[in-house]
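# Working through the structure, step by step
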Amino acid sequence: MKTRIAKRLQNISPSKTLQITAKTKELKKQGENVISFAVGEPDFPTPEYIAKAGKKAIDSGRTKYTASSGTPELKSAIKEKFKKDNGIEYDLSEIVVSNGAKQSVFNALAAVVNDGDEVLIPSPYWLTYPEAVKAVGGKPKFILTKKENGYKMSVKDLKKAITRKTKLLIFNSPCNPTGAVYSEEEIRAFAPILLKKKIFVLADEIYEKLIYDGEKHFSFANVSSEMKDWTITVNGVSKTYAMTGWRIGYLGAPKDIAAAIDSFQSHSTSGASSISQYAAEIALTNGKGEVEEMKHAFERRRNLILQELLENEIESTTPKGAFYVLADVSKYYKKRLGKTKIKNSVGFANLLLDEEKVAVVPGVAFGDDKVVRLSYALSDDDITEGVRRIGEFLRKLK
Ligand code: PLP
């Protein structure tokens, strides 16, 4: 039968992580002791003073529509944050608050990508990027990065990928899923190439605070005023303040782009939740050191998971930011457990879950079928036990 789905959405893939997540839930329901490395959110609760602000927002009647681009108070807090943390001066008219950074990414693409435009995405990538590009009529073009280079794109890689149709580069540092963090020097080297060809940058900086080994975050828009004019900076409170369910993300962009995004959003979702916006304002202005505490906890857990992976002879790189690690399991493809042969990352993840009750995300979802992604937003005990089970699983494969 001919599909009745519009062309725009025909090529959007369902989330490849859903199958594993659904199976994990089912096993847990059956009372199985499942350890899930598949999560994409901090396991810490939202800090109490932020939760209290949410309650106060309800009690004090902050429960009505807000301006579509966000409350002036939250936008002022974001303006200050961009200035203080990132060295970027955005005017209030250049800031748009949305329902999570995911919507900010979608809005940014909708604002500048025309039908058939190419959008560069370093791979492995966050799985929403290519789908969002396709949804607005663009063509994702991947820049393959290698494990040996810490999954980082080089100037040469970038130059090679650019064509006359290139409209935008999606740049995610610290990166989900690789943990790669680009230095100021590396970012400055990309800028002249992009500026010469008038290519936009969508800089997704959502993991900027979760960064280790003394590495420093640097914002694309901080390169120069010229670069700022071609950059859309996306950020949010989900990962930094353990507020994934509150759904607040934001972007800073040149005035014409921010205005187009505001109009677009005003006809789709309108402003984000008034209650969440107030809580986000308090998170950004009244920080009590919990961000640093969370970062230290993640760094310690990263070190723990790396040590456990090494002890179990599982190959991985050292992530410098975010809370994920990629384990290269490709040498186990073609091996068997009983009658089941592992063919790829999906096969690996499914068998591991069936056999050891450990959930990981197959790398094919991020553009690299050799790996699986493990989140270390888990307790120390779960990390140790989970990796032990993976090691046991690998030793059983023939
Ligand atoms: N960007 C990246 C790289 C992410 O990993 C995520 C969430 O997993 C987001 C953006 C979206 O965050 P949110 O929509 O919760 O603000």
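Scroll up to find the structure this text is about.
A short tour of the structure in this document, coming up. (Residues numbered from 1 in each chain as written. Predicted model: local features only at pLDDT ≥ 70, side-chain atom pairs only at ≥ 80, totals over all residues. Heavy atoms only, no water.)

For residues that are not glycine, phi is negative in most cases, and the peptide bond is trans in most cases. For the bond running from Ser 123 to Pro 124, omega is 0°, close enough to zero to count as cis. Looking at the element boundaries, Pro 124 is found in the loop between β3 (118-123) and α6 (128-135). Following Asn 176, the chain continues to Pro 177 via a peptide bond in cis, the omega torsion being 20°. Despite not being glycine, Glu 313 has its phi angle at roughly 55°, a positive value. The topology assignment puts Glu 313 in the loop between α12 (290-311) and β9 (315-316). With relative accessibility at 63%, the residue Glu 313 sits in the exposed group. Within the chain, Lys 357 stands out as a residue other than glycine whose phi angle is a positive 60°. Relative to the helices and strands, Lys 357 resides in the loop between α13 (345-356) and β13 (358-359). (Helix = DSSP H or I, 4+ residues; strand = E, 2+ residues; numbered from the N terminus. Buried < 20%, exposed > 50% of the residue type's maximum accessible area, 1.4 Å probe, protein only.)

As a further point, take a positive patch on the surface. On the surface, Lys 334, Arg 336, Lys 341 and Lys 343 cluster together to form a positively charged patch. Tracing the backbone shows Arg 336 in strand β11 (residues 336-337). (Patch = residues over 30% accessible without salt bridge, like charges linked within 9 Å, V, L, I, M, F, W, Y side chains within 5 Å. Areas by Shrake-Rupley, 256 points an atom, 1.4 Å probe, with all protein chains shown as cover. Salt bridge = Lys/Arg side-chain N within 4 Å of Asp/Glu carboxyl O. Lys, Arg positive; Asp, Glu negative; His and termini not counted. Charge placed at Lys NZ, Arg CZ, Asp CG, Glu CD.)

Within the secondary structure layout, His 217 lies in the loop between β6 (200-204) and α9 (225-228). Here Ser 219 takes part through its side chain, which lies 3.5 Å from a polar atom of the side chain of His 217. For His 217, the contacting residues outside a window of four places in its chain are Asn 86, Ser 173, Pro 174, Glu 205, Glu 208 and Ile 211. (Polar contact = N/O pair within 3.5 Å; in protein donor to acceptor, adjacent residues only side chain to side chain. Contact = heavy atoms within 4.5 Å.)

Moving on to the nonpolar core. Among the nonpolar cores identified, the biggest contains 95 residues, and Phe 37, Leu 109, Leu 158, Phe 348 and Leu 374 are the most heavily contacted of them. In contact with Phe 348, other than residues within four places in its own chain, are Val 329, Tyr 332, Tyr 333, Ile 342, Val 372, Phe 393 and Leu 394. Core analysis: the second largest hydrophobic core is formed by 26 residues, Ala 53, Ala 57, Leu 284 and Val 291 among them. (Core = buried A, V, L, I, M, F, W, Y, C linked by side-chain atoms within 4.5 Å.)

In the vicinity of the ligand, 13 residues are found, and the nearest of them are Ala 101, Asp 204, Ser 238, Lys 239 and Arg 247. Between an oxygen atom of the ligand and a side-chain N or O atom of Tyr 207, the distance comes to 2.8 Å. Arg 247 is positioned such that a nitrogen or oxygen atom in its side chain is 2.8 Å from an oxygen atom of the ligand. Protein contacts shield 92% of the accessible area of the ligand, which totals 400 Å² for the unbound molecule. (Near = heavy atom within 4 Å.)

Turning next to the sheet that holds β3. What the seven strands build is an open sheet, ordered β2-β8-β7-β6-β5-β3-β4; its pairing is mixed. Of all strands in the sheet, those bounded by a partner on one side alone are β2 (95-98) and β4 (139-144). For this sheet, the mean inter-axis angle between neighbouring strands, taken without regard to orientation, is 20°. Relative to strand β8 (residues 249-252), β2 is paired through four bridges, and the arrangement is antiparallel. Across the sheet, residue Ser 98 finds its bridge partner in β8, namely Gly 249. Sheet strands touched by helix α10 (residues 255-268): β2, β6, β7 (231-236) and β8. Its angle to β2, the strand with the most contacts, is close to 30°. (Pairing = 2+ DSSP bridges. Axes fitted to C-alpha atoms, helices over the stretch in contact; angles between N-to-C directions.)

What follows deals with the packing of helix α3 (residues 48-59) against helix α11 (residues 274-285). Look at α3 against α11: their axes get within 8 Å of each other, and the N-to-C directions meet at 140°. Regarding the angle of α3 to α11, the classification is oblique. Here the hand of the crossing between α3 and α11 comes out right-handed. Counting all contacts with α3, which are made through Tyr 49, Ile 50, Ala 53, Gly 54, Lys 56, Ala 57 and Ile 58, the residues of α11 involved are Ile 275, Tyr 278, Ala 279, Ile 282 and Ala 283. Partitioning the contact of α3 with α11 into residue classes produces ten nonpolar, one polar and one charged. (Parallel < 35°, antiparallel > 145°, perpendicular 65-115°, else oblique. Left-handed = near helix turned anticlockwise from the far one by under 90°. Nonpolar A, V, L, I, M, F, W, Y, C, P; charged D, E, K, R; others polar.)

With that settled, the discussion passes to the environment of Pro 14. On the secondary structure map, Pro 14 appears in the loop between α1 (7-10) and α2 (18-29). Look at Pro 14 and you get exposed, because its relative accessible area is 65%. Linking Pro 14 and Arg 247, residues 233 residues apart in sequence, is a C-alpha distance of 21 Å.

Between α2 and α13, whose axes approach to 11 Å, the crossing angle comes to 5°. The pairing of α2 with α13 is recorded here as roughly parallel in orientation. In contact with Gln 19, Ile 20, Lys 23, Thr 24 and Leu 27 of α2, α13 contributes Val 346, Ala 349, Asn 350, Leu 353 and Asp 354. For the contact of α2 with α13, the per-class residue count stands at five nonpolar, three polar and two charged.

A few words now on the side chain of Asn 235. Locating Asn 235 in the fold gives a position in strand β7. In this structure the side chain of Asn 235 is engaged in a polar contact, spanning 3.4 Å, whose partner is the backbone oxygen of Glu 205.

Time to look at the sheet that holds strand β14 (residues 361-362). The strand order across the open sheet built from four strands is β9-β10-β15-β14, with neighbouring strands paired in antiparallel fashion. The open sheet terminates on both sides in strands that have one partner only, identified here as β9 and β14. Here two bridges tie β14 to strand β15 (residues 371-375), and the two strands are oriented antiparallel to one another. By the bridge assignment, Val 361 is partnered in β15 with Arg 373.

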